[in-house]
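Take a look at the letters that make up each chain.
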Amino acid sequence: MFYEYLVIIGYFSLIIGIGFAFKNMAKNSTSDYFRGGGRMLWWMVGSTAFMAQFSAWTFTGAAGKAFTDGFAITLVFFANTFAYFCGWLYFSARFRQMRIDTPTEGIKRRFGSQNETFFSWALIVFSFINAGVWLNALGVFASAVFEADITLTIIVTGLTVVFVSVLSGAWGVVASDFVQTLIVAVISIACAIVALVMVGGPIALVNNFPTDFVLGPDMNYGVILVASFVFFLAKQMITIMNMHDSFRFLNAKDSANARKASLLAMILMGFGSIIWFIPPWAAATLYPDAAAAYPELGNKAADAVYLVFTRNAMPVGTVGLLLAGLFAATMSSMDSALNKNAGIFVRSLYQPMLLKRNKSVDDKHLLKVSRIVSFVSGILVIVVALFFKSLKELSLFELMMNMSVMIQMPLLIPLIFGLFIRKTPQWASWVTVAIGLFVSWFTANIFTPDVLADYIGLQQAFTRREFIDINLIITIAAHLVITAGFFCSTTFFYKQEKDQHRQETDRFFDDLGKAVIADFEQDEYDKQQRHKLGSMVIFMGSGVFAMILIPNPMWGRMVFLLCALAILTVGFLLKRSAKP
C-alpha cells in the first residue's frame, strides 16, 4: 500500500495546487467566483459538464450493477449521451444565452421572484442530499481500499473538497474537473485494455459472462429492459438539460463554446459508457466471488468489485490511480454542488433580503459571504453522507436511482418544460412540484409493481430485479404523464392581463434566441487558461511517468509509460497554444 499512498498524496497535492493557481482569477467578483465570469473555453466547460454527471458512484454502485446484471447498466449512460446530444442541438447555447450568473436567476427571469425563492431552497436541499450520496459512495470504496473507518474517510475527503471549492470558486472547480477528466480517462482505458486481454477479448467477455450478458439474471420479461431504456432517455433529458443544471454551460465564453462543450461531453460519455464497465464485466468471469470480498460493506459489497479487479489484475500503484480517479469524480460533483449552492444562496436569497431592508449590497461583501456559504454547505454534505452510510439495506445503485426519480424529477420538470411553454400562471411551477412529489409517493406506496402485475394478470411474479426496474418505469411514466401533463395544462388557466411578470418573461425568451459573443478581453483569459492548465497537466503527467519506477513487470511499467505520454502530450499542446 506504500505506493498507493504516494499516488494519493501526489494527487491531492496537484488538486490543492490547482486551487492556488486559479485563486486570483476568482477573487474579483461574485460572477468570477460562481461561473468564471463566463470566460471559459469549451474544453474546460465540456469536461466539467461531463464530470458533473460522473461520480464515484460510476466506479462503485454502477460497477456493482454491471458485475451482477451485465450490459443493462450502460443504458443509463447512453441516456446521458443522448441528453448531451440534445444539448448540442438545442439546450447548451440557450442556457448560456440566459445571460445569468446562477441557475436560480434564470428561474427568476422565467417564473418570477416567488418561484425563485421556492426553487432556491428546494434545489439547495436536494443538492445536499445528492452530494451526500456521491460522498458516501466514495467513502464505501476508499474505506475498503485503505481498510479505514468509513466515517473518517468521508470526513477527510469532504473537507478536502471544501478547501478547493472555497479557495478558488468556479475557476478551481472547472480547472480541476479538466485535470480529473484526464485521470478518469487514463485509468479507465488502462483497466479496460488489461481486462480485455485477460478475459480473451470482447467475444469471450460476452460469451463467458456467468449469466445472459444482455438481459442479466432474474429477468423473465425482456421487454422490461427495452422499456427501461426508453424511459431513461426521457428521465436523463429532464435531469440534465434543465434550468437548474444550466450551470454547466453558464461558464462558457460564448454560445458557440457552450455547444462545443456539450458535444465534448457527449463524446466522452458515449465512449465511457462501454469502457468504464469492461473491468467489472471481466471480473464476473475472472473473479466470480468478487462481490463477497468485502462482507463488512453489507449489501454494498458488490460496489467494491472495481477494487477487486484492480488489486488482482493491474500493476502495483494502479489502485492509487483508481482512488485518484474516484476522488476526482466525487470532488468534481461535490465541488460543483458547493459552488452552485453558494451562488444560489447569495444571489437569490441573501442579496434580495438585504435589498428588502434597504441595505447596500457590495459585491466584495457578497464574495466573502459566498466563501462562508461554500464552507458551511460542505459540512452539511458530510453530515448527509454519514447518514446514508447507515443505510446498509440499500445498494448504491438503488439509492441513486430512488433519489433521482422520486425527488429530482418533480423538481426539474417545470424547469425544462418552462423553456418551451411560455404562457403559464405564476403558481404553475411550484404546484407542479407538489403534485410530482405526491405522484412519487403514490407510485412507491399504492400503485406498486405487484399491483400492476395483478391488474394485467401476469402468471409469473416479478423477481426482485424486475420489481426495482418496473418501479422506476412506473414512476418515470407517471411523472411524464401526470406531473408534466399538469404543468402543460396550466396554460388553460393563464390570463395575460393578470400576468405582472409578462414583460420580463418576454425579455427572457428574446434573450434565449440571441447569441452571446465573446468580447475583446477574452484573448487574455484564453491564454491564462491554457498556460495554467498546461502546467498542471504536465505536473500530473510527470508524476505518472515516475510510476514506472515502481517494482512491476515490464508490461506494468509500459502501462504507466503510455498513460504518462498521453497526459504529457495534452499538457505540452496546451502550453504551446498559450503562446502569442
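Structure: above.
So, a few notes on the structure that sits alongside this text. Just so you know, these numbers come straight off a predicted model, no measurement behind them.

## A word on the overall build of the chain
Helix and strand content of the chain: 24 helices and zero strands. In the chain, the proportion of contacts linking residues at least 24 apart, taken out of those at least 6 apart, comes to 87%. Of the roughly 22,300 Å² of accessible surface on the chain, 66% is carried by carbon and sulfur atoms.

## Notes on a nonpolar patch on the surface
A cluster of nonpolar side chains, Ile155, Leu159, Ile372, Phe375, Val376, Ile379, Leu380 and Val383, forms an exposed patch at the surface whose accessible area comes to about 650 Å². For the nonpolar patch, the elements supplying multiple residues, two or more each, are α9 (150-199) and α17 (363-389). Ranked by residues supplied to the nonpolar patch, first place goes to α17 with six residues. With respect to the element layout, Val383 can be found in helix α17.

## Observations regarding the environment of His365
With respect to the helices, strands and loops of the structure, His365 is situated in helix α17. In this structure His365 comes out as partly exposed when scored by relative accessible area, which is 34%. Residues in contact with His365, not counting those within four places in the same chain, are Tyr350 and Leu354. Side chain to side chain, His365 and Tyr350 meet in a polar contact 2.8 Å long.

## Some words on the nonpolar core
Side chains that are nonpolar tend, in soluble globular proteins, to be buried together. With 126 residues, the main nonpolar core has Tyr84, Phe249 and Leu533 as its most contacted residues. In terms of nonpolar packing, the next biggest core, distinct from the first, is built from 21 residues, Leu135, Ile154, Ile382 and Val384 among them.

## Brief notes about unusual backbone geometry
Keep in mind that most residues, glycine aside, have a negative phi and that most peptide bonds are trans. Residue Arg99 is not a glycine yet carries a positive backbone phi of 55°. Position of Arg99 relative to the elements: it lies in the loop between α6 (74-96) and α7 (103-111).

## Remarks on helix α1 (residues 2-21)
Compared with the 28 Å implied by 1.5 Å per residue over 20 residues, the 29 Å span of α1 between its first and last C-alpha is a close match. What α1 keeps buried is the set Glu4, Val7, Ile8, Tyr11, Phe12, Leu14, Ile15, Ile18 and Gly19. For α1, the angular spread of buried residues about the axis comes to 155°, placing them on one side. Seen from the buried face of α1, the exposed residues on the opposite side, beyond 90 degrees, are Phe2 and Ile9.

## Comments concerning the packing of α7 against helix α22 (residues 502-512)
Contact geometry of α7 with α22 gives a least axis separation of 7 Å together with a crossing angle of 125°. Classified by the angle their axes make, α7 and α22 are oblique. On the side of α7, the interface is formed by Gly106, Arg109 and Arg110, while α22 contributes Glu504, Thr505, Arg507, Phe508, Phe509 and Asp511. When the residues that make up the contact of α7 with α22 are grouped by side-chain class, the tally is two nonpolar, two polar and five charged.

## Concerning the side chain of Gln236
Structurally, Gln236 is set in helix α11 (residues 223-240). Residue classification places Gln236 among the buried residues on the basis of a relative accessible area of 3%. Aside from chain neighbours lying at most four places away, what touches Gln236 is Gln53, Val76, Ala79, Asn80, Ala83 and Met241.

## Observations concerning the layout of surface pockets
Here the largest pocket defines a volume of roughly 500 Å³. In terms of lining residues, the largest pocket is bounded by 22 residues, among which Thr181, Leu182, Ala185, Ile189 and Leu268 are the most central. Secondary structure elements with two or more residues in the lining of the largest pocket: α3 (42-52), α9, α13 (255-275) and α24 (554-577). Here the lining of the largest pocket takes eight residues from α9, the largest share from any one element.

About the criteria used
Residues numbered from 1 in each chain as written. Predicted model: local features only at pLDDT ≥ 70, side-chain atom pairs only at ≥ 80, totals over all residues. Heavy atoms only, no water. Helix = DSSP H or I, 4+ residues; strand = E, 2+ residues; numbered from the N terminus. Contact = heavy atoms within 4.5 Å. Areas by Shrake-Rupley, 256 points an atom, 1.4 Å probe, with all protein chains shown as cover. Patch = residues over 30% accessible without salt bridge, like charges linked within 9 Å, V, L, I, M, F, W, Y side chains within 5 Å. Salt bridge = Lys/Arg side-chain N within 4 Å of Asp/Glu carboxyl O. Buried < 20%, exposed > 50% of the residue type's maximum accessible area, 1.4 Å probe, protein only. Polar contact = N/O pair within 3.5 Å; in protein donor to acceptor, adjacent residues only side chain to side chain. Core = buried A, V, L, I, M, F, W, Y, C linked by side-chain atoms within 4.5 Å. Expected span 1.5 Å × (residues − 1). Arc of directions from axis to C-beta. Axes fitted to C-alpha atoms, helices over the stretch in contact; angles between N-to-C directions. Parallel < 35°, antiparallel > 145°, perpendicular 65-115°, else oblique. Nonpolar A, V, L, I, M, F, W, Y, C, P; charged D, E, K, R; others polar. 1 Å grid on protein atoms, 1.4 Å probe; cavity = no way out; pocket = protein on both sides within 12 Å on 5 of 7 lines; lining within 4 Å. Points joined across faces, edges and corners; volume = space filled by probe spheres on them.

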